[in-house]
Structures are given as structure tokens and as C-alpha cells.
Amino acid sequence: MSVRKFLIFHPILMLSAFIGTADGYYEYMKHECIYSTSDYSDMVYLLSKSFNKVVDVQFNSSVGKCVGYTEEGVKYAENWNKDQAIMQQYKAAVDRFCRYNAQIIDSNVRDKAVKPEVTLSSVKQAEGNHPAVLMCSAYEFYPKKIKVSWLRDGKLMTSDVTSTMEMADGDWYYQIHSELEYTPKSGEKISCVVEHASSPQPIVKDWNPSMPDIERNKIAIGSSGLVLGIIIAAAGLIYYKKKSSGRILVPN
Ligand SMILES: *[C@@H]1O[C@H](CO)[C@@H](O)[C@H](O)[C@H]1NC(C)=O
């Protein structure tokens, strides 16, 4: 997983320094910037020093001092907390390291919005008193934040709408699906509206109730078959005519 992807899935910035010793002991420092708001108001700088996977000591910018978690770590914390130079550096890191880098990295990805591919399809047709079900899907969009809603004659429909979460495709893109259960009325217009950073205007897909997708596909397949049949029949007829005209008929 690339660093940038990691950043997107969990807004954590990480930089680590590794120190390995000859016998396979493993000591490392991890610098993390944890935030979820776009103005970085909730930014937390977390420095952790670990030995063989165990965290010894941590500096958390919300706490403002080092805290030891092991016997070793407590000694480190004591020493670091006494050291003005170190503490000044750690306290400044939330601005100088975290907010500074987050701004650069975010500006590299924020304007790279990719417009979703929106499809509208029938899941179930109305039968008796069973309602019809429509599905609106948005595929291959970035970033994650998206809004899918339904309109009936221009009015927002809120009941009988079920949406999935935005699902990560694992390649930076996301998809989302929303189902609408409704009783069709003639003359009405049902639309799916998708709002996303990639498009200044909402993306609107109108439902054409007279001919659901499945029916349209059946007609398309059927007519292609018909055309193919006519072509083959015509070719056969021409071939037959050519053959029969070349033959000399002998009367008996
Ligand atoms: C940092 O400290 C704050 C305040 O104690 C706490 O709420 C937060 O969970 C800590 N962050 C981490 C990552 O430990």
C-alpha cells in the first residue's frame, strides 16, 4: 500500500526511523499525524518509540508531554520532559511537521476528483401490491464523499431509500449503491441525483418506466438476431439463384 493511499483511508501521516541491532532487536520511532477535518483543527502529533513492537514512550501533542509505558520508557519520558530543546521541538511538530505536510499532501490529491459513472436500473418490477425497486449505482469515483438522493417529480424522496456505504474498490476509487422502493404512478418522473466534488452540477439520471433496461436489452438482442437472420437468408437465396441459373435444364 502506498503512503498516499494509507493517508486517504486513514488520515494518518507517518514517518518512521528504524534502528536495527545485530541480534535482531528492533527499535523504531514513529511519527504520526492524525486528523479528520479539512482545516486540521483536530490535528494530533503522536511520536512513539518502540522496542520489539512494544511502545516504550509516547509524545502526544494533545497531552503536551512524554509518557512512558515501560520501565525503560518511563526513564526516557523523564529525561525528555526535562529537556527544553527536545520538548520545544516536539511541541512545534504539530504545526511544523503535521499541518505543513498535510497541506502539501492534501493539495496533491484533493483536486484530483474523478466523476462517477452513474447507472439506473430496475431490481424488481411492481407486481400486485408489491412495490417496484430501482437501483442507482455510482462507480469509479474519487474522493469518497458523495451524496445519492431520489426525486419524484422534482421532490426529494426520503422514505424507502436504502443506501450502502461508500465501498473502496482498493484502487483509490469508490462505488456506492442506493435502492428505492416505490409504487409506480403513471406520468410521474423518478430521478436519481448524485452530488460529488468532481461535478459542479448534480448528475441526474431520469428513470424511463416504459421500458426497463432488461426489456430494452431483450429487444436489442432480438432485433440483432432478426437482422442476422435476414442477412443469412438473403445470402442463401442469392447463392441458390446463382447456382440454379448456371445449371442447364434438360427436359425429360
Ligand atoms: C492523544 O491524547 C488525547 C488526550 O488525552 C487522547 O484523546 C487521544 O486519544 C490521544 N491520541 C492517541 C493516538 O493516543
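Residues numbered from 1 in each chain as written. Predicted model: local features only at pLDDT ≥ 70, side-chain atom pairs only at ≥ 80, totals over all residues. Heavy atoms only, no water.

Participant: Where do I start with the overall build of the protein chain in this structure?
Facilitator: Helix and strand content of the protein chain: four helices and 14 strands. Looking at the protein chain residue by residue over its 252 residues, the buried ones come to 27%. Sequence separation of at least 24 residues holds for 49% of the intrachain contacts in the protein chain that already meet a minimum separation of 6. Split by element, the accessible area of the protein chain, about 16,800 Å² in all, is 57% carbon and sulfur. (Helix = DSSP H or I, 4+ residues; strand = E, 2+ residues; numbered from the N terminus. Buried < 20%, exposed > 50% of the residue type's maximum accessible area, 1.4 Å probe, protein only. Contact = heavy atoms within 4.5 Å. Areas by Shrake-Rupley, 256 points an atom, 1.4 Å probe, with all protein chains shown as cover.)

Participant: Please clarify how the layout of surface pockets should be interpreted in this entry.
Facilitator: To locate leftover empty space, one rolls a probe as large as a water molecule over the atoms. Looking at the second largest pocket, its volume works out to about 180 Å³. Lining the second largest pocket are 14 residues, and of these Ala132, Tyr182, Pro184, Trp207 and Pro209 lie nearest its centre. (1 Å grid on protein atoms, 1.4 Å probe; cavity = no way out; pocket = protein on both sides within 12 Å on 5 of 7 lines; lining within 4 Å. Points joined across faces, edges and corners; volume = space filled by probe spheres on them.)

Participant: Honestly, the environment of Tyr139 in this entry has me stumped. Any pointers?
Facilitator: Of note, Tyr139 is situated in strand S7 (residues 132–141). The spacing of Tyr139 and Gln175 is 36 residues in sequence and 4.5 Å in space, taken between C-alpha atoms. If near-sequence neighbours (up to four positions away) are discounted, Tyr139 is found in contact with Lys115, Pro116, Glu117, Thr119, Tyr174, Gln175 and His177.

Participant: I keep staring at the pattern of salt bridges and nothing clicks. Help me out?
Facilitator: When charged atoms on two side chains of opposite charge get close, those side chains can pair. One pass over the full model with this rule turns up seven salt bridges. The closest approach of N and O atoms between Glu27 and Lys49, which form a salt bridge, is 3.0 Å. In this pair, Glu27 sits in strand S2 (residues 26–34) while Lys49 sits in strand S3 (residues 44–51), placing the two residues 22 residues apart along the sequence. Lys49 gets classed as buried once you look at its relative accessible area, which sits at 4%. A salt bridge links Glu195 to Lys147, with the nearest nitrogen and oxygen atoms 3.9 Å apart. Taken together, the residues span a long stretch of sequence, with Glu195 in strand S13 (residues 190–196) and Lys147 in strand S8 (residues 146–152) at a distance of 48 residues. (Salt bridge = Lys/Arg side-chain N within 4 Å of Asp/Glu carboxyl O.)

Participant: Any chance you could explain a nonpolar patch on the surface here in plain terms?
Facilitator: The grouping of Val55, Val63, Val67 and Tyr69 at the surface amounts to a nonpolar patch, some 320 Å² of accessible area in total. Note that Tyr69 resides in the loop between strand S5 (65–68) and helix H2 (71–82). (Patch = residues over 30% accessible without salt bridge, like charges linked within 9 Å, V, L, I, M, F, W, Y side chains within 5 Å.)

Participant: Teacher, can you tell me more about the state of the cysteines here?
Facilitator: Disulfides are covalent bonds that link the sulfur atoms of two cysteine residues. The full count for this structure, using the stated rule, is two disulfides. Paired through a disulfide, Cys33 and Cys98 show a sulfur-sulfur distance of 2.1 Å. On the sign convention where negative is left-handed, the bridge of Cys33 and Cys98, at about -80° about the S-S bond, is left-handed. Here Cys98 lies in helix H3 (residues 84–110) and Cys33 lies in strand S2, a separation of 65 residues in the sequence. A relative accessible area of 0% means that Cys33 is categorised as buried. Between the sulfur atoms of Cys136 and its disulfide mate Cys192 the distance is 1.9 Å. The sign of the -80° torsion about the S-S bond sets the Cys136-Cys192 disulfide as left-handed. Linking Cys136 in strand S7 with Cys192 in strand S13, this pair joins segments that are 56 residues apart in sequence. Considered together, Cys136 and Cys192 belong to a single accessibility category, that of buried residues. (Disulfide = S-S within 2.5 Å.)

Participant: Mind showing me how you'd approach the packing of aromatic side chains here?
Facilitator: Two numbers describe a pair of aromatic rings. These are the distance of the centres and the angle of the planes. Applying the stated criterion to the full structure yields 10 aromatic pairs. For the pair Tyr45 and Phe59, a centre-to-centre distance of 6.1 Å together with 50° between the ring planes defines the contact as tilted. With a gap of 14 residues between them, Tyr45 in strand S3 and Phe59 in strand S4 (residues 54–60) connect regions that are remote in the sequence. For Phe59, a relative accessible area of 1% gives the class buried. An aromatic cluster of three or more residues is present, and its members are Tyr45, Phe59, Tyr76, Trp80, Tyr90 and Phe97. (Phe/Tyr/Trp six-rings, centres within 6.5 Å; stacked < 30°, edge-to-face > 60°.)

Participant: Hey, could you run me through the site of the ligand in this one?
Facilitator: Taken together, Ile34, Leu46, Asn60, Ser62 and Val63 make up the full set of residues near the ligand. In isolation the ligand exposes 360 Å². Once the protein is present, 42% of that is buried. Taken together, the residues of the shell around the ligand break down into three nonpolar, two polar and no charged. (Near = heavy atom within 4 Å. Nonpolar A, V, L, I, M, F, W, Y, C, P; charged D, E, K, R; others polar.)

Participant: Got a minute to help me understand the nonpolar core in this structure?
Facilitator: General note: in soluble globular proteins, nonpolar side chains tend to be found buried as a group. Residues Cys136, Trp150, Tyr182, Ile190, Cys192 and Val194 are the most contacted members of the largest nonpolar core, which totals 22 residues. For this core, the secondary-structure elements that each account for two or more residues are strand S6 (117–124), S7, S8, strand S12 (174–182) and S13. In terms of residue count, the dominant contributor to this core is S7 (five residues). Contacts of Ile190, omitting those with residues within four sequence positions, involve Leu134, Trp150, Leu151, Arg152, Met157, Leu180, Tyr182, Lys205, Asp206 and Trp207. Among the nonpolar cores identified, the runner-up in size contains 18 residues, and Cys33, Phe59, Cys66 and Ala77 belong to it. (Core = buried A, V, L, I, M, F, W, Y, C linked by side-chain atoms within 4.5 Å.)

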